[in-house]
Amino acid sequence: MSQIVPDGKDWTVVLDAVCAQCAVDVRGISPGDAMTQLPVCVDRYIEVLARPDAQTRTNPARWSDQEYVAHVAEMLQVMTGRLDLMLEHDDPTFPNWDQDRAAVEGNYNSLPAGQVAELLRESAARYAAKLSSIDSAQYSRRGLRSNGAAFTIETLNQYAWHDVMHHLWDLAPQTS
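Worth saying up front: this structure is predicted, and the values here are computed from it rather than measured.

(A) Quick peek at the packing of aromatic side chains. Under the criterion given, the structure shown has 3 aromatic pairs. Ring pairs connect the aromatic residues Phe94, Phe151 and Tyr159, which therefore count as one cluster.

And the structure:
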């Protein structure tokens, strides 16, 4: 498998503006919205795993479809862990997470599609359960990414939600 070209963009821009690529605006997304809409997104991701070429990388700057699905599953795990840190500590700094390295180390493309689907279902269920356990009075609790970017519980959810929606956009059939 070829080495993926890393994406060096600072995606925190989506917290202040509509995404220039996928046109998703997360600024009004609440944890409740994410909990309600996540199951439909999970189903759409799982459908992608049935594609005959789901494990094929089409160019060096793009993961395979299966890698995108596995990435979203792991991203939801990472975000659940970050929410835990924000609830348990004042202004914690999150451990760094290199998504490209995680894809390689997790061998996303060599996993059986059913295992990836189950991983996504479990990760989404845990993320939604975590969100449902948070009182809205706690939404302003803060955490810091290793590069200094500050999040509240509410904006971390919006950031994660953009990832969910953006990768569905990445996986949409391309028309010529």
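(B) Region of interest: the nonpolar core. Grouped together as the largest cluster of nonpolar side chains are 50 residues, with contacts concentrated most on Tyr45, Val69, Leu76, Leu120, Tyr127, Trp161 and Val164. For this core, the elements supplying multiple residues, two or more each, are α1 (31–48), α2 (65–88), α3 (99–105), α4 (113–132) and α5 (153–171). If we skip the residues at most four places from it in the chain, valine 164 touches Leu38, Cys41, Tyr45, Val72, Met75 and Leu76.

(C) Representation of the confidence of the model for the protein chain in the model. Looking at the protein chain, the pLDDT average stands at 92 and 94% of residues meet or exceed 70. Mean pLDDT in the protein chain bottoms out at α3, which sits at 86, and peaks at α4, which reaches 98.

(D) Quick look at unusual backbone geometry. Even without being glycine, alanine 23 reaches a positive phi, approximately 70°. Its location among the elements puts alanine 23 in the segment before α1. Here alanine 23 falls in the exposed class, since its relative accessible area comes to 57%. Its identity is not glycine, yet asparagine 107 carries a phi of approximately 45°, on the positive side. Its location among the elements puts asparagine 107 in the loop between α3 and α4. Its relative accessible area of 40% is what places asparagine 107 among the partly exposed residues.

(E) Local environment of the side chain of histidine 166. Structurally, the position occupied by histidine 166 is in helix α5. On the basis of relative accessibility, which here comes to 4%, the residue histidine 166 falls in the buried class. Every residue in contact with histidine 166, bar those within four places of it in the chain, is listed here: Trp11, Cys19, Gln21 and Cys22.

What counts, and at which threshold
- Residues numbered from 1 in each chain as written.
- Predicted model: local features only at pLDDT ≥ 70, side-chain atom pairs only at ≥ 80, totals over all residues.
- Heavy atoms only, no water.
- Phe/Tyr/Trp six-rings, centres within 6.5 Å; stacked < 30°, edge-to-face > 60°.
- Core = buried A, V, L, I, M, F, W, Y, C linked by side-chain atoms within 4.5 Å.
- Buried < 20%, exposed > 50% of the residue type's maximum accessible area, 1.4 Å probe, protein only.
- Helix = DSSP H or I, 4+ residues; strand = E, 2+ residues; numbered from the N terminus.
- Contact = heavy atoms within 4.5 Å.
- pLDDT = per-residue confidence, 0-100.

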